[in-house]
Amino acid sequence: MRINCGVFIEEMISFTTYKFENKIYLGCPQNSIYHFDKYGYDEIVIINKTKYIDSFQLLFLKILSEASYKPKCYGGGVKSFLQAKHIVEIGFERISVRDLFFESRTEYLKIIQEIGRQGVTLCIDVQLFQGVYFIVSNNKIVMPLVEFTLDDENMPGELFVNNIDLNGTLSGPDILLLKQIMEKKLKTNINYCGGIRDIEDVNIVKQFGISAVTIFTAASTINNGNQKLINNSFFK
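Scoring rules and cut-offs
- Per chain, residues are indexed from 1 in the order of the written sequence.
- Where totals are concerned, whole chains, interfaces and linings use all residues; where local detail is concerned, this predicted model gives features only for residues with pLDDT of at least 70, and gives and counts side-chain atom pairs only at 80 or more.
- Hydrogens and water are ignored here; the side-chain numbers use all heavy atoms of the structure.
- Take the buried Ala, Val, Leu, Ile, Met, Phe, Trp, Tyr and Cys residues and link them wherever side-chain atoms come within 4.5 Å; each set so joined is a nonpolar core.
- Only protein chains enter the accessibility calculation, which uses a 1.4 Å probe; a residue whose area is less than 20% of its type maximum is buried, one above 50% is exposed, and one in between is partly exposed.
- Each aromatic pair joins two rings of Phe, Tyr and Trp (for Trp, the six-membered one) with centres within 6.5 Å, and gets the label stacked for planes under 30 degrees apart, edge-to-face for over 60, and tilted for any other angle.
- A helix here means a DSSP run of H or I that spans at least four residues, while a strand means a run of E at least two residues long, and both kinds are numbered starting from the N terminus.
- Both a distance and an angle decide whether a charge sits over a ring: NZ of Lys or CZ of Arg must be within 6 Å of the ring centre and within 35 degrees of the ring normal.
- Every axis corresponds to a line fitted to the C-alpha atoms, with the helix fit spanning only the stretch in contact, and the corresponding angles, defined between N-to-C directions, vary from 0 to 180 degrees.
- What makes a crossing left-handed is the near helix being turned counterclockwise from the far one by less than a right angle; a clockwise turn instead makes it right-handed.
- Residue contacts are defined here by distance: any two heavy atoms, one from each residue, within 4.5 Å place the two residues in contact.
- Lys, Arg, Asp and Glu make up the charged group, whereas Ala, Val, Leu, Ile, Met, Phe, Trp, Tyr, Cys and Pro make up the nonpolar group; the residues left over, Gly among them, are polar.

S.K.: What exactly am I supposed to notice about the nonpolar core here?
M.R.: Buried together is how nonpolar side chains tend to be arranged in soluble globular proteins. Counting residues in hydrophobic clusters, the biggest one holds 59 residues, and the most contacted among them are Val-78, Val-97, Tyr-108, Leu-145, Phe-148 and Ile-215. Within the second largest apolar cluster, nine residues are counted, among which are Phe-8, Cys-73, Cys-123 and Cys-193.

S.K.: Would you mind showing me how to read the packing of aromatic side chains here?
M.R.: The description of two aromatic rings rests on the distance between their centres and on the angle between their planes. Per the counting criterion, the structure on display carries nine aromatic pairs. Residues Phe-15 and Tyr-25 carry aromatic rings whose centres are separated by 6.2 Å and whose planes lie at 55° to one another, so their mutual orientation is tilted. Of this pair, Phe-15 sits in strand 2 (residues 13-18) while Tyr-25 is found in strand 3 (residues 22-27), placing the two residues 10 residues apart along the sequence. Here the aromatic cluster, defined as three or more aromatic residues joined through ring pairs, consists of Phe-8, Phe-15, Tyr-25 and Phe-216. Here Lys-23 stacks its cationic end above the ring of Phe-15, 4.6 Å away from the centre of that ring.

S.K.: Before we go on, may I ask you to explain the packing of helix 3 (residues 81-89) against helix 5 (residues 105-115) in this structure?
M.R.: The angle between the axes and the distance between the axes are what describe a pair of packed helices. For the pair helix 3 and helix 5, the least separation of the axes is 9 Å and the interaxial angle reads 35°. The handedness of the crossing between helix 3 and helix 5 comes out as right-handed. Residues Phe-81, Ala-84, Lys-85 and Val-88 of helix 3 form the contact with helix 5, whose participating residues are Glu-107, Lys-110, Ile-111, Glu-114 and Ile-115. For the contact of helix 3 with helix 5, the per-class residue count stands at five nonpolar, no polar and four charged.

Here it is, written out as structure tokens:
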């Protein structure tokens, strides 16, 4: 199973979160990515909270892509095939899309067709309401998770399942969510994110047949999020 690390960027600053609300600033994004590059993480996931992509952003992202030799996945603000194409051209191996899948299926399919499935990650944000899992987008409920399906035409190279209730909580993975996702028997790789604390949690997720985990807070902090430090304990 692949173990990925993740970092948020916004206005040229990198950060992670603790309990999703409290930002932990990590400083210069290039330095964060450079240090992640030294350890055993399989992929670096960069999520841009700026939510728009212009020529200046592309220049900045090109600098980030050159800060590491590891495979990198970019997510944030991708609204069209053309934007996705530019991001791949500047050095990112994978594009993560979320809202686009629900808002413009035509553009999503064009990205799949032109870039290739293996270069596309579909992210779904999952949240629990009154005992039921829902997919949410822009703080709105899209559909119950039980209704979510992917046919062969829509199938990405990877489905990124992001449990937003557990982001930054360091409380362990959501076992029930993992079960529900795997019961769908989707014909793609599954990447789980949410609550991961340590290698024991990674091994729990692995037992479900998950292809990858992506770790944000625990990858760049120690002592329950109280100290900033690139965490290499996942590889000891």
